[in-house]
Structure formats: structure tokens, C-alpha cells
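Given next are the chains, with one letter for each unit.
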Amino acid sequence: MTAAAKTVLSALEMGRTMARMAHEITEKNPDCSQIILAGIITRGVPLARRLADKIKTITGVDVPCGSLDITFYRDDIQSKGPDLNAGRTDISHDINGKTLILVDDVLFTGRSIRAAIDAVMDIGRPGRIQLAVLLDRGHRELPIRPDYIGKNIPTARGERVRVKLSETDGEDLATVVEGA
Amino acid sequence: MSNGILIQNGRVIDPSRGIDGILDVLVKDGVIAEVGKSLSASGAKTVDAEGLVVSPGFIDLHVHLREPGFEYKETIATGSMAAAAGGFTAICCMANTKPVNDNASVTRFILEKAAAVDGARVYPIGAITKGLKGEELAEIGEMKKAGVVALSDDGRCVMDARVLRHAMDYAAMFGLTIVEHCEDEHLVKGGIMNEGETSARLGIKGMPAVAEDVIARRDIDIAAYLKRPVHIAHISTRGAVESVRAAKALGTAVTCEVAPHHFTLTEKSLEAFDANYKMNPPLRTADDLAAMKEGLRDGTIDCIATDHAPHAKWEKELEIDQAPYGIVGLETSLGLSMLLVREGVVTLPRLVALLSTNPAKIFNLPGGTLKEGAPANICIFDSEKKWIVDPAEFVSLGKNTPFAGKELVGKNCLTIVGGRIVYNPSNL
Amino acid sequence: METVEKKFRGRHLLQIADLTADEIMGLLNTAYKFKDVSEREIKKVPTLRGKTIVNLFYEPSTRTRTSFEIAGKRLSADVINISTSSSSVTKGETFKDTVLNIAAMRPDAIVIRHGSPGAPAYAATIAGCSVINGGDGANAHPTQALLDLMTIHEKKGSVENLKVAIVGDILHSRVARSNINALKMFGADVTVCAPPTLLPHGVNALGVKVTHNIREAVADKDVVMMLRIQTERMQQGLFPSLREYSEHFCLSAKVLKSARPDVLIMHPGPINRGVEIASDVADGPYSLILSQVTHGVAMRMAVLYLLCGGAES
């Protein structure tokens, strides 16, 4: 049953993609001092960090960067059951009135982003929320549209998209695996 | 029935005469007419007892029939029928009814009710003290005349040793034995289960074994001093068994009984907080259980008595400290007691003695023998029969048993009381 | 007939042994996150939206009941409180009937505080929903042990090999029993200290060291847990007077000197100032008594989340 993994982003491509996204963020937000990056736990966190680093390289501005845990905001608790491994939401800066950019690795149904928006709203009232994702694989179930997309990848519903990051997985690589 | 009953080819066990063999028993005119090989009797109903044990009917010195006063738990009729189902032909009912059986009118009421039932004979035990209060002697002489066979404040201990002393002396005038519920009520106050490691872990208030030990010892000493008999009800501790053993060696007229749950279950059963394991005396430790078996083996323990204590279902569903003590026992006694035979603690003839011959002697009751001329009180049981305890099938109104769903081996098949078949579900 | 019992696939928390060590670590992790929630402006998450939690309390309790109530509300559950004074209990309804009647209203969890050991365990067999033991007689108080574990864990990082003394009425204490079970599960070394009359006969079954001397109990300890002494015990003849009890078993600043310099002082509350704990110790720098209360809410949120968060598999 082991299906072949198809590479959709190599390490090199991932680096270039992230750089482009950082540029797009700075273009869309001329005043970078108003930005706060919030990485959705788990892999959104290192991605947000990387974007912050690149924004700093481009603009010289230190963009605050935090982590957002959505465990308690999920809409599938009933079916999936409780998860005792919740991560820590750590956004130390005041988000009121700011542009908060949610960062995640893969955008799929949009349900995680819905949960993330709710989680953010319980922390404060940002001026606007934007969304940056490394991969958009389609199959949206909610009216959610990303502001920054690393790469659009057409997938079948049953396929699995796997993003590995050097911070969490030892290497940078995005693959698609056929569903079992 | 006038032509009698011929029980054929059963294993006849009569400990009163040392009989154990494949024999026939002929019952005529309410008495045992003959015990022998290949008997014949024209016109008699024949009962094929091949593969079964024919025994003098069991006698239970300790049951609670709840009537008068608690008829929702059990009645004299249902208790007597339940006893017959369990192989008992005689049961002695305790005085803790409402009103208490501490006067002749209550005794007569019980006997009148019992006379109307086609079950086991019912022998009332009178209270030692008025209202079971442990203060003034009940009307012992009048109760004796009305028909009590022994005296007990069971459920409560006679805490005042002076009262107990007078009771023993006074009862002796009427040939009645004092039956003591040995328990220092101060030491057990508010207790729910045996005090020990399990109660320490569960945080359940304990009833220490020493509460039974000290009273058993006290009662034996008083009995020895007065040279009067005393019968210790539902013995449950190693200490009490050892006191009885020592007293018997010295010739004291002490006898005792043990309930089947005290040689089959231990305090560990309480871990599930099920009130069906709550009894008084409480289930003790494995060591106490071993002491019960030693006492049964060496004769320190004279007989098995059920302490049949029926309660309504809802009462046992109360919180464990609110639920009443006790379990039913009449219909599981044989099955549980047969474990003693299977484990080699006692032989089958000795078990019959523990269930029948010995208890008859202790209270001087009719029965306990298959001697020609004796009342025909007989049970026929299958010592190998496997069955699952289902309280719904109990004749007793009380369904409160911790043995529900357990497999037991050994079941009564037929019961004859006074020459009449009162229980015969499979039409032998 | 479809019954609520058949649908129920959730679980209960009746005693510490109902949880594995891994689950307790997960509960700790989760409780820390809920502690963060409790420190926000908006102290609420939508996690248990639509769930109903009933607090069924047969004994007076401010702390535990309020703690469960706040915990449930911060998880967006609906929380209903029933105490003996306002229910049919006083009208003579049996415990079973009360539980069945509440169960018929289809709550997702019932928190039960009861004076009888095993009452929540019995309720769990008939309720058809999660039952959480909020303290039953002297048997168990698992959520208290969990919040105490969290309080120790937060300060010490680990519980393993910590030396813990529990001082006071061990005999009647569900807090002591549950704490002993939880602490031992994580490798702590537990000593209990009480007059012999306030220790259970068979105390060895608890697997703890025993002393009757508070100085000895406190010496070199990382954690000292004090228990409330009730005057009722005096009337039962278990000790002669509060004054004499206090003389031998009160945690004073002087006694505390023999403990480790970073000792943690805990008490499940309510405290009797000057009886089992000196006022300056209760208010002192080592005291975590209020921290325990804060953690109570966070840990009960974690427990409710574990038990009510998703019942259908």
C-alpha cells in the first residue's frame, strides 16, 4: 500500500517561494511596523519565523512573530475526540488594530483557518487579518481565501500533502502522497 | 400421599447414624418408615434418586423473615418457601422484626403464619431483651411456652455483660440457648466493612475484627463461669474461632455457626463499592477465611447458617453507608457449601452434618436424621449440578446477593417436610 | 429501545487510577494552556459549546463547586448547580433516583460530591454520561490531586523523587488518598504525619512512610501538604482539644525551618489559621495555597475537556 511520494516543493524551491511571499507581504503592507505574524501550530510557527526573517532582510523591520494554537477552537472535537497535546499560544505583542497575518503550511478545507480566526479574536481585535499559506491544495469547505500563496497544487481529496521543515523535521520538502 | 413416598437408589447420607450408601428410603404417615436396600411399597409414590444425595433436610439456625413489619423485604411464607427450595426443612427466624419478637403474641403470630405455609418449618427465636435494647429481659418464659427455640438480640450485641449474664442464667430455666451477635458496638460504630488494608485504601469506615473477638471471648468466659451454653452467631474472625476452639477443649458448652459468604468471600470484594457485599459481620480477610475452613475441618465450627437477610432492591442501591447490611442465603447455601467438599475441607457426609444434623442438636430441633420414626424431613440434592445464580429465579423476595451470575455446583432437587413433598420443580 | 446508556462511549474520572501516567501528563499540558486562557481578557474558549455539565453536590463546598462551575463556563459549556438544599434530596428521594432524573435531562457530565464513598462510582454505572468524582467520603478527590500535582510540577518541573509530607487527618481525608496515589504514580516519596487516631488502621497499605512527629515529617521535604482538621473529630474522641492538636501538628515557621529552603507549602482549604497552619506560614513566601485554587480551575477545564470533548468514536 505504500504509494509513491511526489515532490511538489524541493528545499531550494521552498526557499525561493518563501522569499517571494515575503516580498508580496511587504508590497501589500507598506507599513511593516503594523504587521504581526502568527504561525499556526505546528508548522506554521517556523514558517512565520522564516517570513519575519525575510521581511527583516527586505525592509529592515523586525516584525513580531508568535504562535497560535487552535486545539480548543477546532470544529471536529466531537468526532476526533480531545487532544491533550495542545501547544502554547504565544503572541506577546498587542494585536489590537494591527495587521495580523496567519501563517500555515497547507490550506485545505479552510476549517483550521476558521478556528484560527476565532482564536485570534479571543486574544484581541486586529485591524485586519491576512492569511499566508505555503501550499494551497484546494477543496475548500468554507469561504476562506488566502492573501499569499506559496504554490497552488491540484490534489485529489484522498491524497495527503506532507510538508517537512528543517526546524521540525530535519529537512525542507513538500510532497503529495496518494491516499491509501 | 397417604400411601407414602419411596425414594429409590439415592446415595443416602445420615450423619446421625453414620449411614452413607446407595439405599432406599420409605416415608409413611409423615415419618421415616424404613431405610434399607431394595425396599418396596405398593401404592407409594416412587422417587428415582439415582445419582442424587438423599439427606436429612437442612436446618438453618439463622434467618431473617422480616415479618411482621418488613413484608416488602420477605414474608414468613416466601421465606419458608425459599428455604424449601434451598433444601431446608426447618429455619429459625430472628427476633428483629417490627414489632420485635420479644413477647408471646409476636411468637404466636409467626407460628400461625408459618402453619399456613407448605414450606420449611419455621421456629422462632425470641429476643433476649425487650425491644432488642439490651436492657431488660424479654418475657422469656412466655415466649418459650408460645414456641421459641432459642434467644437472640441478633443484629445487636448484648453490650451490658451483666444483662447477658442474667439472660444466660434465666434462659437456662427454660432450656433455651443464648445466641450472641458478637460485636462491640462501640468499636464498630458507623463501620461499613472490615477494618484493614482495604478499608484504609478505600477510605471506608472499618469494623475491626477485634470487635468480634473481644465479645466472643467475653461471652465464652461468662458461659464458662455460669456453666451455661452459648451459641455464637455468624462467626467471622480467626480470633473468635480460636477462642471457641480453646473453650471447647476446656469443655465449655459453646457452639458456633458460620455463614457461607464468610468462607467464600473476602473484604477485597468491597472495592467496587457494591452494597451487595456489605454485611454484618463484614467480609473479612483471606486469613480469616482460612480460619473458617480450619474451624469447619476440625469441628470447632458446628454448623453452617445462612444469616439470610433479605432487603428490597432499592435499599441495596442506596449509598454504601446508607444501604442495609446483609444478603440472602437460603437458595445459595448448598451451592456455596459444596465448595468445601470440592476443596477437600470436609467430606460430603460431614457437610450434611454441618447443614442438618448438627444444627438440629444445637437447638434441640426435630429432624437432622433419617432414623426410622423420625419426622420425614428430607432433601434430595444433586451434588454435581452446575447452575448459574440468577436472583430473578429466587423464591425469596430478597434478590440481594453478591453471587448473581456466579456458577455454583450443587443444587437441591426435592424437599419433603413432615412427609409432604413441598418442593419438586423437576417432578422427580 | 434506544437508551442514552447505549450511546454513551465516554469515560469517567472516579479515582486517580482511572488515568494513565501519560494521560495525567497530557492533562497537565492542557491545564497549563487553560491557565493561559484564564489570564486573558476573554477567559473563554468555545471548546465545549453545547455541552451541559451538572454539578451535583451533596456536601457544602465553595471551592470545588465554584471551580468546576467556572471551568465549565470557560469552556463554553452550560453549567447547572444542584445542591442538597435546593433539590429533592431533602424530600427523601434516593440517590439513584436523583441521578437518573438528572441523567434523563441528558447532561454530558455530572460532577458529584458526596459524603458516601463510592457514590460517584455507583452513579457512573447508571448515568449514561461522564461522571466526575468531586470528592466522595474519605475515598477519593481526584481533581484535587491533579491540581496539586500541577502546582508541584509548575514549581519543581518534575515530581520524581520529590519528598512530600502530608500532615493532618489522613484517616478522613480523600485529598490525602488521591494525592498519595498520584504522587506515587510519578515517583514521589510520601510521608504521612498524624496522631495514630487520625491514621487508618492498615495505613501500610497506602505505601507511605508514617510518623507522628511534625518536625520529623517536615525535615528535608520539598513539599508539605497540610490538611484541615475538623472539630467534629474532637467530639469523636480522636484528639483532646484543638489547642493540643495544634501544639503537636501545627505547621509553624519554626517547624518549617527543618524543611528544604525551597519547600512548597500546600493546603486544599479551607484553612484553619493557627490550628493546622500558622497564619504567617499560610501567607508566607512558600505558600502555594492560592496558586492551588487557580490551578483548580485550569485542571478542571482539562478534565472536563478530556471527558466531554468528543464522546462518539
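For clarity, every value in this text was computed on a predicted model and none was experimentally measured.

Engineer: Where do I start with the overall build of chain B in this structure?
Structural biologist: In terms of helices and strands, chain B carries 12 helices and 18 strands. Scaling as 2.2 N^0.38, a compact globule of 428 residues should have a C-alpha radius of gyration of about 22 Å, and chain B matches this with 20 Å. For chain B, buried positions account for 63% of its 428 residues. Considering only contacts in chain B between residues 6 or more positions apart, those separated by 24 or more positions represent 74%. In the structure as shown, chain B presents an accessible area of about 15300 Å², 51% of it carried by carbon and sulfur atoms. Averaged over its 45 positive side-chain charges, chain B has a centre that lies 2 Å from the centre of its 55 negative ones.

Engineer: Just checking my understanding: could you explain the sheet that holds strand β5 (residues 128–136) of chain A for this structure?
Structural biologist: Neighbouring strands of a sheet are bound in pairs by backbone hydrogen bonds; such pairs are parallel or else antiparallel. Residues and elements named next belong to chain A. Spatial strand order, β3-β2-β4-β5-β6: five strands in an open sheet with parallel pairing. Each edge of the sheet is formed by a strand with only one pairing partner; in this case those strands are β3 (65–68) and β6 (148–152). Shown here is a sheet whose adjacent strand axes are inclined to one another by a mean of 25°, direction ignored. Pairing analysis gives four bridges linking strand β2 (residues 35–40) to β3, with the strands arranged parallel. Residue pairing in the sheet places isoleucine 40 in a bridge with leucine 68 of β3. Where helix α2 (residues 44–59) meets the sheet, it contacts β2, β3, β4 (99–107) and β5, and its direction lies at approximately 150° from that of β2.

Engineer: Looking at this structure, I do not really get the pairing of strand β3 (residues 31–36) of chain B. What am I missing?
Structural biologist: Along a regular strand, successive side chains alternate from one face of the sheet to the other. Residues and elements named next belong to chain B. Here strand β2 (residues 19–28) runs beside β3; their pairing, made up of five bridges, is antiparallel. Looking at β3, one finds that valine 25 is bridged to valine 35. Linking β2 back to β3 in an antiparallel pair, the connection comprises two residues, with aspartate 29 at a positive phi of about 55°.

Engineer: So what exactly am I meant to see when it comes to the interface of chain C and chain B here?
Structural biologist: Buried accessible area, meaning the area lost when the parts come together, often serves as the stated size of an interface. Across the contact, 20 residues belong to chain C and 16 residues belong to chain B. Together chain C and chain B conceal approximately 1400 Å² of surface at their shared face, both sides included; 60% is due to carbon and sulfur atoms. Broken down residue by residue, the surface that chain C buries against chain B is led by C:Pro117, C:His201 and C:Ala205, which jointly contribute 32%. When contributions to the side of chain C that touches chain B are tallied by element, the ones reaching two or more residues are α4 (95–103) and α5 (119–126) of chain C. At three residues, α5(C) tops the list of elements feeding residues into the side of chain C that touches chain B.

Engineer: I tried to follow the interface of chain A and chain C on my own but got confused; where do I start?
Structural biologist: Taken residue by residue, the interface counts 16 residues in chain A and 21 residues in chain C. In total, about 1700 Å² of surface goes out of reach between chain A and chain C, with carbon and sulfur atoms giving 57% of it. Taken together, the links from chain A to chain C amount to two salt bridges. A salt bridge links C:Asp36 to A:Arg88, with the shortest nitrogen-to-oxygen separation between them at 2.7 Å. At the junction of chain A and chain C, the tally comes to nine residue pairs in polar contact (both at pLDDT 80 or more). Put simply, the parts of the chain that give the side of chain A that touches chain C at least two residues each are α3 (77–80) and α4 (111–123) of chain A. Tallying contributions element by element places α3(A) first for the side of chain A that touches chain C, with three residues. Of the residues assigned to the side of chain A that touches chain C, the class counts are seven nonpolar, six polar and three charged.

Engineer: Teacher, can you tell me more about the domain arrangement of chain B here?
Structural biologist: Residue and element names in this part refer to chain B. One can read the domain layout of chain B as domain 1 (5–54 + 375–423) and domain 2 (58–363). For domain 1 versus domain 2, the distance between C-alpha centres works out to 25 Å. Taken residue by residue, the interface counts 37 residues in domain 1 and 45 residues in domain 2. Counting the surface lost from both domain 1 and domain 2, the interface buries some 3100 Å², and carbon and sulfur atoms represent 68% of this. Taken together, the links from domain 1 to domain 2 amount to one salt bridge. Put simply, aspartate 118 and arginine 420 hold a salt bridge, and the shortest N to O gap is 2.4 Å. For the pair domain 1 and domain 2, the number of links is 13 residue pairs in polar contact (both at pLDDT 80 or more). Where the side of domain 1 that touches domain 2 is concerned, the elements lending two or more residues are β1 (5–14), β16 (378–388), β17 (407–417) and β18 (420–423). Sort the elements by how many residues they give to the side of domain 1 that touches domain 2 and β17 lands first, with eight residues.

Engineer: Whenever I open this one, the domain arrangement of chain C confuses me. Can you help?
Structural biologist: Residues and elements named next belong to chain C. In terms of domains, chain C is made up of domain 1 (4–140 + 295–308) and domain 2 (142–293). Each of domain 1 and domain 2 has a C-alpha centre, and these two points are 26 Å apart. Across the contact, 34 residues belong to domain 1 and 27 residues belong to domain 2. Contact with domain 2 buries surface across domain 1, with Ile16, Arg63 and His295 losing the most and accounting together for 30% of the total. In this structure, the connection of domain 1 to domain 2 is made through two salt bridges. Linking glutamate 59 and arginine 174 is a salt bridge whose minimum nitrogen-to-oxygen distance equals 3.0 Å. Between the two partners, domain 1 and domain 2, sit 15 residue pairs in polar contact (both at pLDDT 80 or more). Broken down by secondary-structure element, the contributors of at least two residues to the side of domain 1 that touches domain 2 are α2 (21–38), α3 (63–74), β3 (109–114), β4 (130–136) and α13 (289–308).

Thresholds applied
- Residues numbered from 1 in each chain as written.
- Chains lettered and ligands numbered in written order.
- Predicted model: local features only at pLDDT ≥ 70, side-chain atom pairs only at ≥ 80, totals over all residues.
- Heavy atoms only, no water.
- Helix = DSSP H or I, 4+ residues; strand = E, 2+ residues; numbered from the N terminus.
- Rg over C-alpha atoms; globule rule 2.2 N^0.38 Å.
- Buried < 20%, exposed > 50% of the residue type's maximum accessible area, 1.4 Å probe, protein only.
- Contact = heavy atoms within 4.5 Å.
- Areas by Shrake-Rupley, 256 points an atom, 1.4 Å probe, with all protein chains shown as cover.
- Lys, Arg positive; Asp, Glu negative; His and termini not counted.
- Charge placed at Lys NZ, Arg CZ, Asp CG, Glu CD.
- Pairing = 2+ DSSP bridges.
- Axes fitted to C-alpha atoms, helices over the stretch in contact; angles between N-to-C directions.
- Buried area = accessible area lost by both parts, 1.4 Å probe.
- Salt bridge = Lys/Arg side-chain N within 4 Å of Asp/Glu carboxyl O.
- Polar contact = N/O pair within 3.5 Å; in protein donor to acceptor, adjacent residues only side chain to side chain.
- Nonpolar A, V, L, I, M, F, W, Y, C, P; charged D, E, K, R; others polar.
- Domains from an automatic or database assignment.

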